[in-house]
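# Geometric and topological summary
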Amino acid sequence: MITICGDTDIGLVRKTNQDSFSFKVLDEFLCYAVVCDGMGGTSGGHIASQTATAFVTKALERDLGPGMSGTSLKNVMMSAAAGANALVYSDSRENPELEGMGTTLVIAVVSGERVYVTYVGDSRVYYVNGYKESTQLTKDHTVVQMLVDLGEISPEEALTHPKRHFITRAVGVTPSVEADFADHHFLPGDSLLLCSDGLYGYVGPDQLTGRLLHEHLAQCRRSGGAQTLIELAKAIGGGGDNITAVVISRSAEAGDPPQSPGEEGV
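Heads up: these notes are all about the structure in this document.

### Examining the layout of surface pockets
The calculated volume of the largest pocket comes to roughly 620 Å³. Along the wall of the largest pocket there are 24 residues; nearest its centre are R124, D140, L159, Y200 and P205. Residue assignment for the lining of the largest pocket shows that the elements contributing at least two residues are strand 7 (124–128), strand 8 (134–136), helix 3 (143–149), helix 4 (155–158) and helix 5 (197–203). The leading source of residues in the lining of the largest pocket is helix 5, at four residues. When the residues that make up the lining of the largest pocket are grouped by side-chain class, the tally is ten nonpolar, nine polar and five charged. Forming the walls of the second largest pocket are 13 residues, and the residues nearest its centre are R14, D37, H165, D197 and D241. Of all elements in the fold, only strand 3 (30–39) and helix 5 reach the threshold of two or more residues within the lining of the second largest pocket.

### A look at helix 2 (residues 70–94)
Each full turn of the α-helix corresponds to 3.6 residues, which orients residues three or four apart in the same direction. In this model, helix 2 (25 residues) spans 36 Å end to end at C-alpha, consistent with the 36 Å of a helix rising 1.5 Å per residue. Of all the residues in helix 2, the buried ones are G70, L73, V76, M77, A80, A81, G83, A84, N85, V88 and S92.

### Section: the sheet that holds strand 7
The strand order 1-11-10-7-8 describes an open sheet built from five strands, whose pairing is antiparallel. Edge positions in the sheet fall to strand 1 (2–9) and strand 8, since each has one partner strand and no second. Across this sheet, the average inter-strand angle for adjacent strands is 15 degrees, counted without regard to direction. Relative to strand 10 (residues 191–195), strand 7 is paired through five bridges, and the arrangement is antiparallel. By the bridge assignment, R124 is partnered in strand 10 with C195.

### Some thoughts on the packing of aromatic side chains
For any pair of aromatic rings, the description consists of the separation of the ring centres together with the inter-plane angle of the planes. Under the criterion given, the structure shown has two aromatic pairs. Seen from their ring centres, F21 and F23 are 6.0 Å apart, and the 20 degrees between their planes marks the pair as stacked. The class for F21 is partly exposed, based on a relative accessible area of 25%. For F23, a relative accessible area of 31% translates into the label partly exposed. Across from the ring centre of Y200, 3.6 Å away, lies the NZ or CZ of R124, which sits over that ring.

### Describing the state of the cysteines
Per the counting criterion, the structure on display carries zero disulfides. Looking at the unpaired C31, the closest cysteine sulfur is the one in C5, lying at 12 Å. Overall, the relative accessible area of 0% leaves C31 in the buried class. Lacking any disulfide linkage, C36 is separated from the closest cysteine sulfur, that of C195, by 13 Å. Look at C36 and you get buried, because its relative accessible area is 0%.

Rules used throughout
Residues numbered from 1 in each chain as written. Predicted model: local features only at pLDDT ≥ 70, side-chain atom pairs only at ≥ 80, totals over all residues. Heavy atoms only, no water. 1 Å grid on protein atoms, 1.4 Å probe; cavity = no way out; pocket = protein on both sides within 12 Å on 5 of 7 lines; lining within 4 Å. Points joined across faces, edges and corners; volume = space filled by probe spheres on them. Helix = DSSP H or I, 4+ residues; strand = E, 2+ residues; numbered from the N terminus. Nonpolar A, V, L, I, M, F, W, Y, C, P; charged D, E, K, R; others polar. Expected span 1.5 Å × (residues − 1). Buried < 20%, exposed > 50% of the residue type's maximum accessible area, 1.4 Å probe, protein only. Pairing = 2+ DSSP bridges. Axes fitted to C-alpha atoms, helices over the stretch in contact; angles between N-to-C directions. Phe/Tyr/Trp six-rings, centres within 6.5 Å; stacked < 30°, edge-to-face > 60°. Lys NZ or Arg CZ within 6 Å of the ring centre and 35° of its normal. Disulfide = S-S within 2.5 Å.

Below, the structure written as structure tokens:
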């Protein structure tokens, strides 16, 4: 059985919440979740994230169905991201007050025993398997990630780099945008965390790996919401940004060991 819970919070510093999210379990083997983190002024960021979330949600509700191939799912998700980009960009061009607005976007679709992820910007998806090992499924579209890839700074230096919040891709800033795609097995006992940088940027990498992340997600499942993670971000990092977290879990039968990964999808 698939379960999803999620929450968003303004944090302790910002005057508005520019994050947005949605999720739905469509049937026993199919669900989706969306997280957006807007930018572009007090009103612009809020509108960009809400617009993108609403568009993608409508597209997924319309186009997702049971038994779809990995290729078909990828096409649906990439099309939704492209459509959201076009709509946000159009709105920003038509309203001078919204010029330059944009948003990150991450979409996760669980179908059968695989999860498919489409993303733009620096919102993230973390995967935790039944053995309490974690993997980041997304790769930040940021200046510091580019510097890490080029070998100019280390991953440790990236954590405190002055340009760590400068993103290189966003939905709605240009007429078109390149979304990235990933897929991964998702078996009984596994969990996913979708989040904005208001969570991972303040909680710290040590809390979002392995057993610690597994325990945080377990607490969220027990409470039926993601307030455990949100309060952690406030306590550790001071809540300097809006915080959004969505947790997807696939339950395992009591006492059953995690299954081995299945074959790759796309």
